[in-house]
Amino acid sequence: MIDHTLLAPGATPDDVAALIQEARELGVLAICVSPSMLPLRAPGLVVATVAGFPSGKHHSLVKGAEARLAVDQGAAEVDMVIDVGAALAGDYNAVLADILTVREAMGDRAVLKVIIEAAALPDAAIVEVCRAAERAGANFVKTSTGFHPAGGASVHAVELMAATVGGRLGVKASGGIRTAEAAAELIAAGATRLGLSKSSEVLAGFPA
């Protein structure tokens, strides 16, 4: 269930190599790195990256080109950030068009996860953005970048997102998940994937 994540601006190639090694030792599903770190050799691991990260204020065509290049360089999954301002303004058609642009640029060659920054949105907007993601052909909706000042994943947001997509899309909880207890609560709320930068610490709290 875990995307073992390293998206710090100061991350070095040595840091990414250490991430891959730790991911193998922990037995996680995927690693998630910045697109500039691609291509990567990580046999046995899913390679994920991000697009329009972390602000989401990039032009849709730039997000699409970034996602397409990442897939060309071996990424199997892309986590894109929506334009949160468009969602806050209630312009869900713009959110839909943004996601569609990335989906069409990638084709069906990779999994698309849509980061909605749930902590920054009212409940009604969370629902509408999740609906837009589904209509645009996304595979997952994701709570957070982990960089937004409003906060990261919450049980309430995951419950609402899971109820909206109804099992048709995955739900990725990400942002501020640092304990096994927090992870377990989010899984119980409906999360099907976890984005963790503290994977070892979280997993240490679960029974072997």
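The chain goes by Deoxyribose-phosphate aldolase in an unreviewed UniProt entry, where it is assigned to Nocardia tenerifensis. UniProt, in the comment section headed Function (unreviewed entry), describes the chain in these words: "Catalyzes a reversible aldol reaction between acetaldehyde and D-glyceraldehyde 3-phosphate to generate 2-deoxy-D-ribose 5-phosphate." Word for word, the UniProt comment on the chain under Sequence similarities (unreviewed entry) is "Belongs to the DeoC/FbaB aldolase family. DeoC type 1 subfamily."

A separate point is the sheet that holds strand β8 (residues 193-196). The strand order β1-β2-β3-β4-β5-β6-β7-β8 describes a closed barrel built from 8 strands, whose pairing is parallel. Across the sheet, the axes of successive neighbouring strands diverge by a mean angle of 25°, strand direction being ignored. As paired strands, strand β1 (residues 2-6) and strand β2 (residues 30-33) are joined by 4 bridges and run parallel to one another. Its bridge partner lying in β2, Leu6 is registered against Val33.

Another point: the pattern of salt bridges. Under the defined criterion, the tally for this structure stands at 13 salt bridges. A salt bridge links Asp79 to Lys172, with the shortest nitrogen-to-oxygen separation between them at 2.8 Å. Placement of Asp79 in strand β4 (residues 77-81) and of Lys172 in strand β7 (residues 170-174) is noted, with a sequence separation of 93 residues between them. The two residues Asp79 and Lys172 agree in class, both being buried.

What follows is about the UniProt feature "active site" (unreviewed entry) in the chain. Per the UniProt annotation, the sites labelled "active site" (unreviewed entry) are Asp79, Lys142 and Lys172. In terms of the greatest pairwise C-alpha distance, the residues named above, spread along 94 residues, form a tight cluster of at most 10.0 Å across. Tracing the backbone shows Lys142 in strand β6 (residues 140-142). If we ignore the near neighbours within four places in the chain, the residues touching Lys142 are Asp79, Val114, Ile115, Ile116, Glu117, Met161, Lys172 and Ser174. Those residues in contact with Lys172 that lie beyond four places of it in its chain are Asp3, Asp79, Lys113, Phe140, Val141, Lys142, Thr143, Arg193, Leu194 and Gly195. A polar contact of 2.7 Å, which involves the side chain of Lys172, links it to the side chain of Asp3.

Here we take up helix α2 (residues 60-72). With 13 residues, α2 ought to run about 18 Å at 1.5 Å a step, and its terminal C-alpha atoms sit 18 Å apart, in line with that. Taken residue by residue, α2 has Lys63, Gly64, Ala67, Ala70 and Val71 as its buried positions. For α2, the buried positions fall inside an angular range of 130° around the axis, keeping them on one side. Where the residues of α2 are buried, they touch β3 (46-51), β4 and α4 (92-106). Two residues or fewer after α2 comes Gly74, characterised by a positive phi angle close to 105°.

Before going further, it helps to spend a moment on the side chain of Thr145. Mapping Thr145 onto the fold places it in the loop between β6 and α6 (155-165). A distance of 2.6 Å separates a polar atom in the side chain of Thr145 from a polar atom in the side chain of Glu117. A polar side-chain atom of Thr145 sits 2.9 Å from the main-chain amide nitrogen of Phe147. If we ignore the near neighbours within four places in the chain, the residues touching Thr145 are Phe53, Pro54, Val81, Ile115 and Glu117.

Rules of the game
Residues numbered from 1 in each chain as written. Predicted model: local features only at pLDDT ≥ 70, side-chain atom pairs only at ≥ 80, totals over all residues. Heavy atoms only, no water. UniProt positions renumbered as here; feature names shortened; annotations may be inferred. Pairing = 2+ DSSP bridges. Helix = DSSP H or I, 4+ residues; strand = E, 2+ residues; numbered from the N terminus. Axes fitted to C-alpha atoms, helices over the stretch in contact; angles between N-to-C directions. Salt bridge = Lys/Arg side-chain N within 4 Å of Asp/Glu carboxyl O. Buried < 20%, exposed > 50% of the residue type's maximum accessible area, 1.4 Å probe, protein only. Contact = heavy atoms within 4.5 Å. Polar contact = N/O pair within 3.5 Å; in protein donor to acceptor, adjacent residues only side chain to side chain. Expected span 1.5 Å × (residues − 1). Arc of directions from axis to C-beta.

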